[in-house]
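Next come the chains, spelled out residue by residue.
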Amino acid sequence: MSPSKNRALLVGVSTYEDKNPPRGVPGDLPAVDHNLTMLRRALLRGGVFDEDSITVCRSPSQDEFNEALHSAAAETDGLLLLYFAGHGATPSSGDPLFLQMRNARVIRGGHSVFHGAAKYDDVQTVLLSSRAERIVVVLDCCFAGNAGVAWEREHEVHNKRRVLLLMSVQANHRIDAGDAATPTPFTAQLVQLLEKPGELSFRWLSGQLREEMAGQKTTRGESWVPQSRAEPGEDVLLSRRPQTGVVRPPRSGPPAVSPRPSPLLKHLRHRAAALGTLVLTVTAFAFGSYGLYALVGSSPACAPPLELRVLADPDLEPTVTAAADEYLTSEENTDGDGCRVSGITVYSARSADVVTALREESEPWQEPRAEETNPQRDIGPQADIWIPGSPAAAQRAEHERDTNPKAWLEVEQQPLAYSPIVLAVPSAVPAADQRTGRKLSELIADLRGRADQAEVRRTDPEFADSALFATIGLYDGADRALDVEKRLDQPGPPSDTAAQLLCELPRNDAVDDRTAVLVPEFLLKSGVGCDSQRRSPRIAEYPRNVPGLEPTFVRVRWQDGDLDRAARDAAVADFRSWLTDGQGRDAFARAGFREPTGRRLLLDGSGPAPGVLPDPSPLKEAAGRDETETALQAYRAAHGPGRVLFLLDSSGSMASLWDGPSGGPGLLKQSLGGLGGQDEYGVRRVADTPEGDRYETLLPLTTHDREDAVRRIDQAEVRSGADSDPHAALLGALDDMAGLGADDRPQLIVYITDSGDHDRMTGGKLDEVLTRADSAGVPVAMVSLRGGACGAGKPDARIAAASGGRCLDADDDIGKGLSAEVERTGLGEDQ
């Protein structure tokens, strides 16, 4: 067999000819030049590519890119790697991705046309024309995740298995290119990982990138989550730097056998040698977080092991992965010939999505038919085993199920372990006199009494069960979920997992030292990935009204999934027994979990971690289906579609502050970007009318088509010679919005004015507005186009403070501040 040829095409567009949106691109990307230099060096050191097999294209035109792409595809029969960094674009949310080259232009009309840009669908088609055994595509650009659509649409099984796709960010998200003097954040992390010694595979890199990027944010302020696509069972070696750090020159044929091969690859040498390529096949999956990869046995006579797919709650995934790692090499998973009996893929997904998929979407999970509903893409493969945070999650998944379900659940009665949800308080805060026996609201009130600057944060209740359980305690006894959410100190979107939350705090020592977090107790022992950074030690306080985390073993069965039923049932039973009665308990013990029943003492007999009580009774019993569902519904309402009522001062004094983007209507229109199709908003013109009205409706308070709303705002005019009555306008708005607030939706009143008529709101009238603002429960954003209106004691500042809102005047960046306030209330354009 002749040697296989590997090729890498590295494309980076740092310079653009047209940098004037909307026709051109947003600007040059000097960081991309660093990407190409550093990535080329890392690939050379990795030993998979040599000098002659790496082509670097700096800021090519579309024609130059096409020529280089066709050449690389034609000359490769081993591993073909394409890397692109530059501006990415898409016509609208969910549409295909366009890679913008140096001569990119945008023509907008009925639909957008991208000249000088390569449509990723077409790029993938060219790559698949190659004789390459495997194709790896790495995209570092805005909207990179939209490329996943092209991968999913490929119906040719052979072709789909050949392509492994790594995308810097999830679909429909923009990302920051970083500092001009350094590589872009994603590629910098990619290069850092590639520089590690040893044998590094595509799947390992994909999983590590997700972990390393945790805590960074997209330009929308949401979590930055790199994405990957690969068929189950596909992987490829991307670097094989020796452990000694001595770089061996690359050679043709199979990779050299290192003295101490990694566990991922050591049993696959004979397969790689038979192929004569750098392709290494393992049974794993590209979605979610990655745990253990299934491996074939050490003998060429061993058959590929049966793969078990384990879907875990995101907070539990590291522990489940550690347990699976041990099981893989255990005697219980090895037959008499020394071959592996089963392999395990551990992955995780958003808890609420998993429950919904098992309850309502098992049919499209088994056989996706529509782009909008595809659990295989959004969650991962059809699970054999599900380990949620409590039996309540399984009960929710089984409640009011589809009339034609394709999946059935068998729930173990006894959980695998237990971990209470604690209020982890920094040791810098004065210690509490009583750490157990109180409700969560009492613990928080006592905390803020001991340290008036103390903050409290919680993760996303839709992402992991531990946060949902904390939410049950937070809402216990509260009149409105919205009021509770407002009291949490969470800038921007909440963290996805408890580990991610703990990792984000050390970025600001002052915040870290005063911020208590609601997290599972076991993390105070097992630690998180950022422990190498300084982090304030924490002391656990134990609320008596918060259910604990109870990892539960759930067998998932699928219709028509019985071809290997006996073998799969046996493999599942063996793994379950090992977890519940065997050495699997050791993984939970080392992580800091407790006994699942009884007094719930720590599984690890060596004693509690610092800050943890050995026997913190009383602890709340298991979470129930109804209370978890009720808490989740209340949370969704509090963070769901919002209502915003704009009061636009249209009196004569606004004439000089009316036109242009910084005028009253212009600022209002800019802020609409924070509202989406499900949000309700209305606009009232505030000016005296000849009929005696103090304000009139320009847009009713309901949902709107954006273009129609903008057109009607543009038609609004100043009422020449008229005065405004802020007293009447604000009282009317507060009364109307408070009357609509029974469903606990986020609400906001925005008053855009020049404050010129506030002398009509003095004395008793101002007191009346302040009293109503304090009782209505609706924040008011007072936005004055004159300077000084938000000074201490001024009416605007007092009204905003009384309502829990914000005051902005011409001394502030009004546009940015107003947009931020509206974004906090609405779902946004991309929801």
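Right above here is the structure, for reference.
Computed from a prediction, not measured in an experiment: that's the story for all the values here.

Novice: Quick question: what am I supposed to make of the pattern of salt bridges here?
Specialist: Between side chains of opposite charge, a pair can form as their charged atoms come close. Under the definition given, this model contains 54 salt bridges. Across the salt bridge formed by Asp564 and Arg568, the nearest N and O atoms sit 3.0 Å from each other. Note on Asp564: relative accessible area 29%, which makes it partly exposed. Judged by its relative accessible area of 13%, Arg568 falls in the buried class. Salt bridges here are not isolated pairs; linked through shared partners, they connect Glu410, Arg555, Arg557, Arg565 and Asp569.

Novice: Hey, could you run me through the nonpolar core in this one?
Specialist: Within soluble globular proteins, side chains that are nonpolar generally end up buried alongside one another. Grouped together as the largest cluster of nonpolar side chains are 76 residues, with contacts concentrated most on Leu423, Phe575 and Leu579. If you tally residues by element for this core, the top one is helix H15 (residues 465-475), at six residues. Sequence-distant contacts of Phe575, defined by excluding residues within four places in its chain, comprise Leu308, Val310, Ala324, Tyr327, Ile344, Ile385 and Phe553. Grouped together as the second largest cluster of nonpolar side chains are 73 residues, Leu9, Ala104, Leu127 and Met167 included.

Novice: Would you explain the state of the cysteines in this entry?
Specialist: Such a bond, covalent and formed between the sulfur atoms of two cysteines, is termed a disulfide. Under the counting rule described, the total for this entry stands at one disulfide. The disulfide bridge from Cys790 ends at Cys807, spanning 2.0 Å between sulfur atoms. Negative torsions about the S-S bond denote left-handed disulfides, and the value of about -85 degrees found for Cys790 with Cys807 makes this one left-handed. Here the residue Cys790 occupies a position in the loop between strand E27 (780-784) and helix H27 (795-803), and Cys807 occupies one in strand E28 (residues 806-808), the gap between them amounting to 17 residues. Judged by relative accessible area, Cys790 falls into the partly exposed class, the value being 22%. Free cysteine: Cys141, not disulfide-bonded; nearest cysteine sulfur from Cys142 at 7.1 Å.

Novice: Please explain the packing of helix H9 (residues 317-328) against helix H20 (residues 565-580) as it appears in this structure.
Specialist: Each pair of packed helices can be summarised by the angle the axes make with each other and by the distance between the axes. It is the contact of H9 with H20, at a shortest axis distance of 11 Å, that shows an interaxial angle of 115 degrees. Comparing the axis directions of H9 and H20 gives the class roughly perpendicular. Two packed elements cross with a definite hand, and for H9 against H20 that hand is right-handed. For the pair formed by H9 and H20, the contact residues are Ala323, Ala324, Glu326 and Tyr327 on the first element and Ala571, Asp574, Phe575, Trp578 and Leu579 on the second. Here the residues of the contact of H9 with H20 are counted per class, giving seven nonpolar, no polar and two charged.

Novice: For this particular structure, what's the right way to read the sheet that holds strand E10 (residues 227-229)?
Specialist: Taken in spatial order, the six strands line up as E2-E1-E3-E7-E8-E10 in an open sheet, and their pairing is mixed. What marks the edges here is a single partner per strand, and that holds for strand E2 (54-58) and E10. Taken over all neighbouring pairs, the strand axes of this sheet differ in orientation by 10 degrees on average, direction set aside. Relative to E2, strand E1 (residues 7-12) runs parallel, the two being bridged by five bridges. Across the sheet, the residue bridging to Val11 is Cys57, located in E2. Each of strand E3 (79-85), strand E7 (134-140) and strand E8 (163-167) is contacted by helix H6 (residues 185-194), which is oriented at about 135 degrees to E7, the strand it contacts most. Strands E7, E8 and E10 of the sheet are contacted by helix H7 (residues 202-213), whose axis makes an angle of about 15 degrees with E8.

About the cut-offs
- Residues numbered from 1 in each chain as written.
- Predicted model: local features only at pLDDT ≥ 70, side-chain atom pairs only at ≥ 80, totals over all residues.
- Heavy atoms only, no water.
- Salt bridge = Lys/Arg side-chain N within 4 Å of Asp/Glu carboxyl O.
- Buried < 20%, exposed > 50% of the residue type's maximum accessible area, 1.4 Å probe, protein only.
- Core = buried A, V, L, I, M, F, W, Y, C linked by side-chain atoms within 4.5 Å.
- Helix = DSSP H or I, 4+ residues; strand = E, 2+ residues; numbered from the N terminus.
- Contact = heavy atoms within 4.5 Å.
- Disulfide = S-S within 2.5 Å.
- Axes fitted to C-alpha atoms, helices over the stretch in contact; angles between N-to-C directions.
- Parallel < 35°, antiparallel > 145°, perpendicular 65-115°, else oblique.
- Left-handed = near helix turned anticlockwise from the far one by under 90°.
- Nonpolar A, V, L, I, M, F, W, Y, C, P; charged D, E, K, R; others polar.
- Pairing = 2+ DSSP bridges.

The quantities given are spatial measurements derived from coordinates; they are silent on function.
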